[in-house]
Amino acid sequence: MSSHLRTFLWLLVTSVTLATAHAADQEPKMISIAIHGGAGVIARSQLGEDGGLAYREALGAALDAGYAVLEAGGSSLDAVSTAVRALEDNPLFNAGKGAVLTHDGSAELDASIMDGATLAAGAVTGVRHVRHPIDLARRVMEDSPHVMLSGAGAEEFALQRGFTLVPNEYFITPTRKRQLERVLQGRRTPRNELDGLGTVGAVARDATGNLAAATSTGGMTNKRWGRIGDSPIIGAGTYANNASCAVSATGHGEYFIRSVVAYDICALVEYRGISLAEAAREVVQNKLRERGGEGGIIAVDAKGNIVLEFNSPGMFRGLRTSTGERLIAIYAD
Ligand code: ASP
């Protein structure tokens, strides 16, 4: 081959490679977000004739608020915080206002958040006066040397960081009081039907490819002795790593803690190289179910694919992506 021909071929190959790389850069990056509002037995009769319209509307509003952040070029962390904050404000869900009540009739809130880009994480447990526990979890992540703060210490930190504290009564609704009464009288179990449900969470992938996950809850009705569930535990209820996936869980926390559910799903994706859908199915439908754990997860992988997997009859959930997909659903069908 003459040197001219070689140079020509080299130039050709280089320019094709550069052109392809440029085209890839120009490809719109998939943005996606998923949210949940709790999983469990959701009796159709409890949702009323409109099929839970109020729940669907609240989920839709939180989903769209989170998606709008991504669409405006915002980070996945801001998107999940925005969606979770909206659900914390809605008394229908077991997070923030409308949280389920402890044995003593008060609200004790847990929340956590994780940044898939840096593996930074923040969590708070047993807080009683912070309107948006997810904001405090994020502040722990971004503005303290720690990952998890509990109870009075977490609230002292909140005060020092300028959070306005609210009385515990702010969180307590008549519905949750009635539900606690029924459990105390032995007429219901803590995770019976809608009574104990409504933990909220969000996962997202932003246009730069960063993943984030966030979860917030009041825990379980009639909880005692400072009981903490999976929601504020990094790896159990919440996990995010750009290399694999971001997960937010909801369900019977004791089982989710022992199965390290969120991390297990991401580890399967990373180590076994299987798809997020396969990993989530394996953990939620096989491992967790065999151990008696009931509930579900929402997750997003590095490419923005979303998976909503649950082994209970229903999970309040939603997803929205830049491919035009938008879904709000409650039951498996
Ligand atoms: N996982 C939460 C907890 O155990 C409850 C739930 O998701 O319904 O605290």
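Residues numbered from 1 in each chain as written. Predicted model: local features only at pLDDT ≥ 70, side-chain atom pairs only at ≥ 80, totals over all residues. Heavy atoms only, no water.

Engineer: I would appreciate a short explanation of the overall build of the chain in the present structure.
Structural biologist: Helix and strand counts for the chain come out as 10 helices and 12 strands. Relative to its full complement of 333 residues, the chain shows a buried share of 54%. Counting only contacts in the chain whose residues sit at least 6 apart along the sequence, the fraction spanning at least 24 positions is 68%. Just so you have it, the chain exposes about 14200 Å², and 54% of that area is on carbon and sulfur atoms. (Helix = DSSP H or I, 4+ residues; strand = E, 2+ residues; numbered from the N terminus. Buried < 20%, exposed > 50% of the residue type's maximum accessible area, 1.4 Å probe, protein only. Contact = heavy atoms within 4.5 Å. Areas by Shrake-Rupley, 256 points an atom, 1.4 Å probe, with all protein chains shown as cover.)

Engineer: For this particular structure, what's the right way to read the pattern of salt bridges?
Structural biologist: Once their charged atoms are close, side chains differing in charge can pair, the charge on each being opposite to the other. A full pass over the atoms with the stated rule returns 12 salt bridges. The partner of Asp64 in a salt bridge is Arg320, and the shortest N-O contact between them spans 2.9 Å. Highlighted residues: Asp64 in helix H3 (residues 53-71) and Arg320 in strand E11 (residues 314-321), separated in sequence by 256 residues. Via salt bridges that share partners, Asp64, Arg320 and Arg326 belong to a single interconnected network. (Salt bridge = Lys/Arg side-chain N within 4 Å of Asp/Glu carboxyl O.)

Engineer: Explain the packing of helix H4 (residues 76-89) against helix H5 (residues 133-143) to me, please; I cannot follow it from the model alone.
Structural biologist: At a closest axis distance of 8 Å, the pairing of H4 and H5 adopts a crossing angle of 150°. As judged from the angle between their axes, H4 and H5 are roughly antiparallel. Mapping the contact onto sequence places Leu77, Asp78, Ser81, Val84, Arg85 and Glu88 in H4 and Pro133, Ile134, Asp135, Arg138, Met141 and Glu142 in H5. Considering only residue class, the contact of H4 with H5 consists of five nonpolar, one polar and six charged. (Axes fitted to C-alpha atoms, helices over the stretch in contact; angles between N-to-C directions. Parallel < 35°, antiparallel > 145°, perpendicular 65-115°, else oblique. Nonpolar A, V, L, I, M, F, W, Y, C, P; charged D, E, K, R; others polar.)

Engineer: Is there a simple way to think about the sheet that holds strand E8 (residues 245-251) in this case?
Structural biologist: Whether parallel or antiparallel, the strands of a sheet pair through hydrogen bonds between backbone atoms. Strand order across the open sheet formed by four strands is E7-E8-E9-E10, with antiparallel pairing between neighbours. Looking at which strands have only one partner, the edges of the open sheet turn out to be strand E7 (238-240) and strand E10 (306-310). The sheet shows a mean angle of 10° between the axes of neighbouring strands, taken without regard to direction. Pairing of E7 with E8, which is carried by three bridges, proceeds in the antiparallel orientation. (Pairing = 2+ DSSP bridges.)

Engineer: Would you take a moment to explain the state of the cysteines for this structure?
Structural biologist: In protein structure, a disulfide is the covalent linkage between the sulfur atoms of two cysteines. Across all of its chains, the model carries one disulfide by this definition. Covalently, Cys245 is tied to Cys266 through a disulfide, its sulfur atoms 2.4 Å apart. Given an S-S torsion of about -120°, the disulfide between Cys245 and Cys266 has left-handed geometry. Highlighted residues: Cys245 in strand E8 and Cys266 in helix H9 (residues 261-272), separated in sequence by 21 residues. A relative accessible area of 0% means that Cys245 is categorised as buried. (Disulfide = S-S within 2.5 Å.)

Engineer: In this structure, what is going on with the confidence of the model for the chain? I would like to understand it.
Structural biologist: Here the chain averages 92 in pLDDT, while 90% of its residues score no lower than 70. Note that pLDDT drops below 50 for residues 19-27; the model gives that stretch zero contacts with residues more than four away or on any other chain. (pLDDT = per-residue confidence, 0-100.)

Engineer: For this particular structure, what's the right way to read H9?
Structural biologist: In an α-helix, one turn spans 3.6 residues, which is why side chains three or four residues apart end up on the same side. Under the 1.5 Å per step criterion, the end-to-end length of H9 is 16 Å for 12 residues, consistent within 8% with the ideal 16 Å. Looking at H9, one finds that the buried residues are Val261, Ala262, Asp264, Ile265, Cys266, Ala267, Leu268 and Val269. Packed against the buried residues of H9 are E7, E8, helix H8 (253-258), helix H10 (276-290) and strand E9 (295-301). Immediately beyond the C-terminal end of H9, within one or two residues, lies Gly273, with a positive phi of roughly 65°. (Expected span 1.5 Å × (residues − 1).)

Engineer: Quick question: what am I supposed to make of the packing of aromatic side chains here?
Structural biologist: Any two aromatic rings considered together are summarised by their centre-to-centre distance and by the angle between their planes. This model, assessed by the stated rule, comprises five aromatic pairs. Where Tyr55 meets Phe93, the ring centres are 5.7 Å apart and the plane angle is 90°; that geometry is what we call edge-to-face. Of this pair, Tyr55 sits in helix H3 while Phe93 sits in the loop between H4 and strand E2 (109-115), placing them 38 residues apart in sequence. An identical accessibility class is assigned to Tyr55 and Phe93; each is buried. Measuring from centroid to centroid gives 5.0 Å for Tyr170 and Phe171, while their planes differ by 80°, and the two rings are edge-to-face. Relative accessible area serves as the criterion here: at 0%, Phe171 is assigned to the buried category. Here Arg44 stacks its cationic end above the ring of Tyr331, 3.7 Å away from the centre of that ring. The positively charged end of Arg258 is found above the aromatic ring belonging to Tyr255, 4.9 Å away from the centroid. (Phe/Tyr/Trp six-rings, centres within 6.5 Å; stacked < 30°, edge-to-face > 60°. Lys NZ or Arg CZ within 6 Å of the ring centre and 35° of its normal.)

Engineer: Help me understand the nonpolar core in this model?
Structural biologist: Most often, soluble globular proteins keep nonpolar side chains buried together rather than apart. Judged by nonpolar contacts, the single largest core of 54 residues is most densely connected at Ile33, Ile35, Ile113 and Leu136. Top element by residues in this core is H3. It accounts for eight residues. Among the nonpolar cores identified, the runner-up in size contains 37 residues, and Tyr239, Cys245, Val269 and Ile298 belong to it. (Core = buried A, V, L, I, M, F, W, Y, C linked by side-chain atoms within 4.5 Å.)

Engineer: Sorry, what's going on with the sheet that holds strand E1 (residues 32-40) here?
Structural biologist: What the eight strands build is an open sheet, ordered E4-E3-E2-E6-E5-E1-E11-E12; its pairing is mixed. Every other strand in the sheet has two partners, leaving strand E4 (148-150) and strand E12 (326-331) as the edge strands with one partner each. For this sheet the average axis-to-axis angle between neighbouring strands, irrespective of direction, equals 5°. Here E1 pairs with E11 via seven bridges, running antiparallel. In the strand pairing of E11, Ala34 is matched with Leu319. Contacting E1, strand E5 (200-205), E11 and E12, H3 runs over the sheet at an angle of about 145° to E12. Packed on one face of the sheet, H4 meets E1, E2, E5 and strand E6 (211-217) and runs near 160° to E5.

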